[in-house]
Amino acid sequence: MGKVHEGNSDAEGKKTEFSLVRVKSTWKSKLGKKINKDAVDYVSTAKIYESITDRGTSWTVVSPITFTYKVTETHDLLDPNNDTLLLGHITDPQQLEDIKKSNKPIRRFVVIDQEVFKIYGPKLTEYLEAHNVVYKILALPTTEGNKSMETALKILDDVNNFALDRRTEPIIAIGGGVCLDIVGLAASLYRRRTPYIRVPTTLLSYIDASVGAKTGVNFANCKNKLGAYIPPAAALLDLSFMQTVPRRHISNGLAEMLKMALMKHQGLFELLEEHGCMLLDTKFQADNTLYGHSSVKVASQATHIAITTMLEELAPNLWEDDLNRLVDFGHLISPALEMKVLPSLLHGEAVNIDMSYMVYLSHECGLLMEEEKQRIISCMVGLELPVWHEKFTMELIQKSLQDRLKHSGGLVRMPLPVGLGQAEIFNNTSFDILHRAYIKWCEELSFSSDCTCDV
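Calculation notes
- Residues numbered from 1 in each chain as written.
- Predicted model: local features only at pLDDT ≥ 70, side-chain atom pairs only at ≥ 80, totals over all residues.
- Heavy atoms only, no water.
- Core = buried A, V, L, I, M, F, W, Y, C linked by side-chain atoms within 4.5 Å.
- Buried < 20%, exposed > 50% of the residue type's maximum accessible area, 1.4 Å probe, protein only.
- Contact = heavy atoms within 4.5 Å.
- Axes fitted to C-alpha atoms, helices over the stretch in contact; angles between N-to-C directions.
- Helix = DSSP H or I, 4+ residues; strand = E, 2+ residues; numbered from the N terminus.
- Parallel < 35°, antiparallel > 145°, perpendicular 65-115°, else oblique.
- Left-handed = near helix turned anticlockwise from the far one by under 90°.
- Nonpolar A, V, L, I, M, F, W, Y, C, P; charged D, E, K, R; others polar.
- Salt bridge = Lys/Arg side-chain N within 4 Å of Asp/Glu carboxyl O.
- pLDDT = per-residue confidence, 0-100.
- Pairing = 2+ DSSP bridges.
- Phe/Tyr/Trp six-rings, centres within 6.5 Å; stacked < 30°, edge-to-face > 60°.
- Lys NZ or Arg CZ within 6 Å of the ring centre and 35° of its normal.

1. Details of the nonpolar core
Nonpolar side chains tend to gather and get buried jointly when the protein is soluble and globular.
Item 1. Counting residues in hydrophobic clusters, the biggest one holds 102 residues, and the most contacted among them are L254, M257, L258, Y357 and W441.
Item 2. In contact with W441, other than residues within four places in its own chain, are I353, S356, Y357, Y360, V387, W388, H389, F392 and S446.
Item 3. Judged by nonpolar contacts, the second largest core, of 25 residues, contains L138, I155, A173 and I230.

2. Regarding the packing of helix 11 (residues 347-364) against helix 14 (residues 431-445)
Item 1. Relative orientation of the contacting elements helix 11 and helix 14 amounts to 120 degrees, with a least axis distance of 8 Å. Classified by the angle between their axes, helix 11 and helix 14 sit oblique to one another. Between helix 11 and helix 14 lies a crossing of right-handed hand. On the side of helix 11, the interface is formed by I353, S356, Y357, Y360, L361 and E364, while helix 14 contributes I433, L434, R436, A437, Y438, K440, W441, E444 and L445.
Item 2. When the residues that make up the contact of helix 11 with helix 14 are grouped by side-chain class, the tally is 10 nonpolar, 1 polar and 4 charged.

3. A short note on the pattern of salt bridges
Item 1. Summed over all chains, the structure comprises 29 salt bridges.
Item 2. Notably, a salt bridge pairs K154 with D158, separated by 3.2 Å at the nearest N-O pair. On the criterion of helical spacing, the pair formed by K154 and D158 is a turn pair, its members being 4 residues apart in helix 4 (residues 149-162).
Item 3. Overall, K154 belongs to the partly exposed group, its relative accessible area being 38%.
Item 4. We note a salt bridge from E370 to K373, for which the minimum N-O separation is 3.3 Å. Residue E370 and its partner K373 are both found in helix 12 (residues 370-382); the two are separated by 3 residues, about one turn of the helix.
Item 5. Owing to a relative accessible area of 37%, E370 belongs among the partly exposed residues under this scheme.
Item 6. Owing to a relative accessible area of 1%, K373 belongs among the buried residues under this scheme.

4. Here's the deal with the confidence of the model for the protein
Item 1. The pLDDT averaged across the protein works out to 92; a share of 95% of its residues lies at or above 70.
Item 2. In this model, residues 1-10 is a region of pLDDT below 50 whose contacts with residues beyond four sequence positions or in other chains number 15 contacts.
Item 3. Considering only residues more than four positions removed or in separate chains, one finds that residues 451-455, a stretch of pLDDT under 50, has 12 contacts.

5. Observations regarding the sheet that holds strand 6 (residues 107-113)
Item 1. One open sheet holds the 6 strands; their spatial order is 5-12-9-8-6-7, and the pairing between them is parallel. Only two strands of the sheet have a single partner each, and these edge strands are strand 5 (70-73) and strand 7 (134-140). Averaged over neighbouring strand pairs, the angle between their axes works out to 15 degrees when direction is ignored.
Item 2. Pairing analysis gives 4 bridges linking strand 5 to strand 12 (residues 234-237), with the strands arranged parallel. Its bridge partner lying in strand 12, E73 is registered against L237.

6. Things to note about the environment of H435
Item 1. Along the chain, H435 turns up in helix 14.
Item 2. Overall, H435 belongs to the partly exposed group, its relative accessible area being 32%.
Item 3. For H435 and G32, which are 403 residues apart along the polypeptide, the C-alpha to C-alpha distance reads 58 Å.

7. Side note on the packing of aromatic side chains
Item 1. Within the structure shown, the criterion is met by 10 aromatic pairs.
Item 2. Three or more aromatic residues joined by ring pairs make a cluster, and in this case those are Y357, W388, F392, Y438 and W441.
Item 3. Over the face of the ring belonging to F162 we find R107, whose NZ or CZ atom lies 4.2 Å from the ring centre.

Here's what the structure looks like:
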């Protein structure tokens, strides 16, 4: 979004600032900054700047947009005694009270990943019927292979048939990151913006896709090339969903958690380094056998730090006005790798391979000590993540970085760790350093290719 600079110049001609006020349902422009608020019903934060030159008149509109959304951790989301799924997005106490007093039935359109539906479909149906909800459940296959506009349009067709009220009836998305992304895009398109709620059922989506504003689908063989920045009305997080997630998908989510640890939080890195195996074994659940109740404490600490650090980076930059983003670590080469080998790598696995190479690059640049490099790679292996892939070639690296230049204002904007839990953005890494790091990476880690899993 552009910035308006006040003041006049000969080139701009005469520039006048107008405030916008509402009086009896009519908006009017008022000259200057001082408004008698007693004489109007409402003063908008929007401004109109009128500029008159000998070539004509131009108007510049500055209209701040504020999004409010909640990220809420809860337990037993599908327990009929828990109304968070239906009402947890509401921030106005009076609105919440009115809904609870009303005899009007709640209506909800739910999109759920079909594999998740196989496990939780009966419980979800029981929950909705216990609350006398008028509902439609749409179970769809949501994988990278069908993360497409066609899937989004299928959702929109059913939403339209349900006759959704876009003001009061948010669409609910239940599933992994692909499901949340597709539903988010569909919601942003229906009547130009319909609220939606994210319910992540994988660890990756729990700490990543659920808390930001990105929506999207794949297009032209590129990951998330079509999309919009529309945050959900709420993200509802329930770790109990993790108990039915396959071990490989827990590991997949730990990659994004490790990303935030390497970029921002040494304490989180040390948690993953020490307790990663336990988190994999317990799937972030209470464990009464080998690990005792310490598993719950570690799981809570790790997810809390990961979400907090992610929100710190995303909240002030939801629309990516600032292209220097630490959360892009591991995402410079991995999108191309992921699409190239689809479906053999999960998203977090591709991200981790990218991060692994970048750790070697950081060491080659003199930013990481050898001991720190080895600790990071050992942690990755301990989290059962792949650290090398034969399709992650020097050619792929060069092409990905060239593509990034096109979409990042002519700069690579490469986040690199400069210690454990610390990072900076770099723009001038030479081909020679990239290549030297790649050679060492291959020499030391190519033996680990057997860790790269196939679906």
